Amino acid sequence: MISAPAGFGKTTLVSEWLSAKPRVAWLSLEQADCDIQRFFNYLIHALQTLDSSLGQTALATLDALSTVNTEELLTSLINDLSTLSEGVFLVLDDYHATNSDVVDEAVEFLLEHSPPQFHLVITSRTVPNLPLPRLRVRGQIIELNAGDLRFMPDEAAGFFNRVMGLNLSAEDISTLESRTEGWIAGLQLAAMSLQKQADVAGFITSFSGGHQVALDYLVEEVLQKQADVAGFITSFSGGHQVALDYLVEEVLQKQAKDIQTFLLQTSILERFCAPLCDAVTNLGTGEATLDYLERVNLLLVPLDHERRWYRYHHLFADALRARLYKTQADLTAELHLRASRWLEQHTFTAEAIHHALQATAFERAARLIESEWSVVRKPNFQSQPYLAWLRALPAEIIQQRPVLSLSYGWEMMNAGELDGVKTRLADAEAGFRSAREQDPIYLASVENARGYLGLVNQMTTQAIHHAGRAMEYAHPKDDYSRGISGSIQGVAQLRLGNLETAYDKLAASMASWQRAGNVMFGVSMTFVLADIRTVQGRLSDAIYCYQQALQYVSSQGQPRIKGAAEFHIGLSELFREQGNTAKAQQHLQQSLELGEASALLDWQYRLRLAQARAQQSQGDFEAALEFLDEAEQVYYTTSLPITQPLAAMKARIWIHQGKLAEAAAWARAQGLTVNDELNYLREYEHLTLARLLMAQQRVDDAAKLLLRLLAAAETGGRMGSALEILLLQALQSHTLEGTAAGLAPLTRALTLAEPEGYVRLFVDEGRAMKQLLLGAKAQGILPNYVSKLLTAFKTPKQQLVPSAISDDLIEALSPRELEVLQLIAEGLSNQAIAKRLSLSLSTIKGHNRNIFGKLLVQRRTEAVAKARALSLI
């Protein structure tokens, strides 16, 4: 961490230090990099200069999604970095420029989880908002500040006399060093000015006297107007700026005219190379001039090891620009325009747009902005930078260009800004329709945007209507547009409970994306299709959905693509339901091994749901509730409907625990009653209400609700739901009238369940269900299947998440307890562990008690020692 005001040589120091290191990635940050998508994009590309395979998955996710999940992207990137055998250095230069809490959080996560071979170097004018005290305690940080970087008198002497070739006396050097307070930029410019001075002594006298008097006067003027002395001290670098302005003027006056012209005209560029300088200045001396500027140390900062790209020191550039605007204001627009043209020709489109806007060449900027947005390839462009460009354009320019209006509407939605979207889309459609040749791909995109807006606003009918119109506009071979339309229609039909229609639409949309060559989108709806088949009671078809998707991504050479981790979770759940514990464990382990690098944004949520259901099946209700709490903390909002709300899952566990008051409070909070209008989206909640009514012995209400639910499920083809309802009817009849009364609904349930191999659905209902199955066996009802189910009741409990067990333990440690134990061994405090795992402090303390009890110890050190002796960590 190197933090000091401008002009103290931070970047130069790091560049020199790392010049001998073989694996260095360099990212020079700018104010625009406060946008987290842009920050991640540049970060990944910087790392890919070391190894092109680094961050490929993260970059694909960043390009495909409209919002950024920081932890998901960084976890993927960290996993890639962990595979490297050599140490790597990442430099974040000018970190202060971002000034972003979101970027700070991303860097903090990177610091907390990076592998040991990864080293981060930060230069900043200010001390960043990062957990520096924690890093200091761990001995994981080296810090340098202005006091470390300033030139001491002996260093100033070496610089002036040996490096710059001046023959200054000790007294002269002391004067300059004290006046500049060891400020390197000031010393450098003073030295350059001295090289041109005929009267060195006179210059030094002037610099130490008159110029200092002027500087003192200006500082005093500022002080007299300062209400906040502390604020002035914080901003005292302004005094350096005054000195810099003077020294720049001194340096410029001593340079040849062509060098002065070069410096002033190229100051408009944030970064530059020789050909770009030639294009801007029309001098044709770019390479020679850059060599000269670097040779004389004129605050030129190289940005790559090959020394092709440079920038000026920021304060130097600011002073040059100020002088350019003061002396040649009428030329600045033309300079920006020249830069924009060259940058466009060399495909630096974003920078070309910046200079076009600076030149107020709005038509050029608009054309370039259009080229950065493609209705086919980039429906989810990085929204914030794009929106900033659009907002810099005059409104009439946008209205004249329907593509800009269309892209404006899409990117506003991607950024979560819904106000004004309708107007943008209306302007776009009007422009496309008035065009001499109407392009159906754009009309289709307008309608798809309206359909997506309908989904976001919960206006399902509108979403279906507009997506249908988009499908009519789209060319039969426009697979990308048709894929978007199909996904909108599918999700809308799912909300309406039309499962088979939803399945067909979503399957068709994935097929369209596969034809378009988008592998990730081509499997993106797999888990939705599998969920539909599960609700329909078709477990085998659900398994096939996942297996087919995994086979497809493998055939495309992308077995670790986003979504693969979810597919294995889904398979684990389905095999668990069928009682195949070995396969369930295998797929859950594969999902964990793939991790977030191969997961969509809700993988953590789905993983915890699977873990909660596994714990509930084992009768560990407290552990199940804990996993549900964790799921709530990592939930990621999507456009898909929630059919099994977390609150309803918790209510079911409370019913199992006999905590009926808590379950009843949940039902009241949701406004659930026996007479509600039934629909697919609330079916799980109403089934939970039926369980509550049964537990409360409200027999008539429960029976009435179950009858209505069964009719609705059968009408909607939701035989998975119908199975659960039939089991509840069987249990209620068994309780009220005896086993014989429950056999009728049970027999029907068994008949539906046997072909699909259901097991846990029966076993998880507990002892009463076992008695019913014994009755069915006595009656000879589906004897083979019933015997299989009864055997499952006798199977010892097996965990579906990795756990530690030893002959020396009285009870196995759960996966979460193992994780906490490992972090204890790493020396983390309870509070740090809570933050790392996104759990409450009280939950961590509870885990500690359980760990100590199972290990038969009383202290952390004892727990760590025993765990190591048992090879648990």
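The following paragraphs examine the structure supplied in this document. (Residues numbered from 1 in each chain as written. Predicted model: local features only at pLDDT ≥ 70, side-chain atom pairs only at ≥ 80, totals over all residues. Heavy atoms only, no water.)

1. Things to note about the overall build of the protein chain
For the protein chain, the count of helices and strands is 49 helices and six strands. For the protein chain, contacts bridging at least 24 residues in sequence account for 65% of all contacts bridging at least 6. Summed over all atoms, the accessible surface of the protein chain reaches about 38,500 Å², with 50% contributed by carbon and sulfur. (Helix = DSSP H or I, 4+ residues; strand = E, 2+ residues; numbered from the N terminus. Contact = heavy atoms within 4.5 Å. Areas by Shrake-Rupley, 256 points an atom, 1.4 Å probe, with all protein chains shown as cover.)

2. Comments concerning the packing of aromatic side chains
The description of an aromatic ring pair uses the distance of the two centres, along with the angle that the planes make with each other. One pass over the full model with this rule turns up 16 aromatic pairs. Here W513 and F521 contribute two aromatic rings whose centre-to-centre distance is 5.1 Å and whose plane-to-plane angle is 70°, an arrangement assigned as edge-to-face. Ring geometry for Y605 against Y635: centres 5.0 Å apart, planes inclined by 70°, an arrangement best described as edge-to-face. Of this pair, Y605 sits in helix α35 (residues 603-617) while Y635 is found in the loop between α36 (621-633) and α37 (646-657), placing the two residues 30 residues apart along the sequence. Look at Y635 and you get partly exposed, because its relative accessible area is 33%. Aromatic ring contacts, followed pair by pair, group F151, F159 and F160 into a single cluster. Above the face of the Y684 ring, R652 is positioned so that its terminal group lies 3.9 Å from the ring centre. (Phe/Tyr/Trp six-rings, centres within 6.5 Å; stacked < 30°, edge-to-face > 60°. Buried < 20%, exposed > 50% of the residue type's maximum accessible area, 1.4 Å probe, protein only. Lys NZ or Arg CZ within 6 Å of the ring centre and 35° of its normal.)

3. Remarks on the pairing of strand β4 (residues 118-124)
Burial analysis of β4 places five of its seven residues in the buried class, which makes it a mostly covered element. Sheet topology note: the strand β1 (residues 2-3)/β4 ladder contains two bridges and is parallel. When the bridges of β4 are listed, S3 appears paired with S124. Across five bridges, the pairing between strand β3 (residues 88-93) and β4 is parallel. Within β4, the position partnered with L92 by the bridge is I122. For the handedness criterion, the β-α-β arrangement of β3, helix α5 (residues 101-113) and β4 is classed as right-handed. (Pairing = 2+ DSSP bridges. Right-handed = clockwise from strand over helix to strand, strands pointing away.)

4. Here's the deal with unusual backbone geometry
Of note in this structure, N282 is not a glycine but carries a positive phi near 60°. A relative accessible area of 55% places N282 in the exposed class. A positive phi is found at Q458, a non-glycine position, where the angle reads about 60°. Positionally, Q458 belongs in the loop between α26 (440-456) and α27 (460-473). Judged by its relative accessible area of 57%, Q458 falls in the exposed class.

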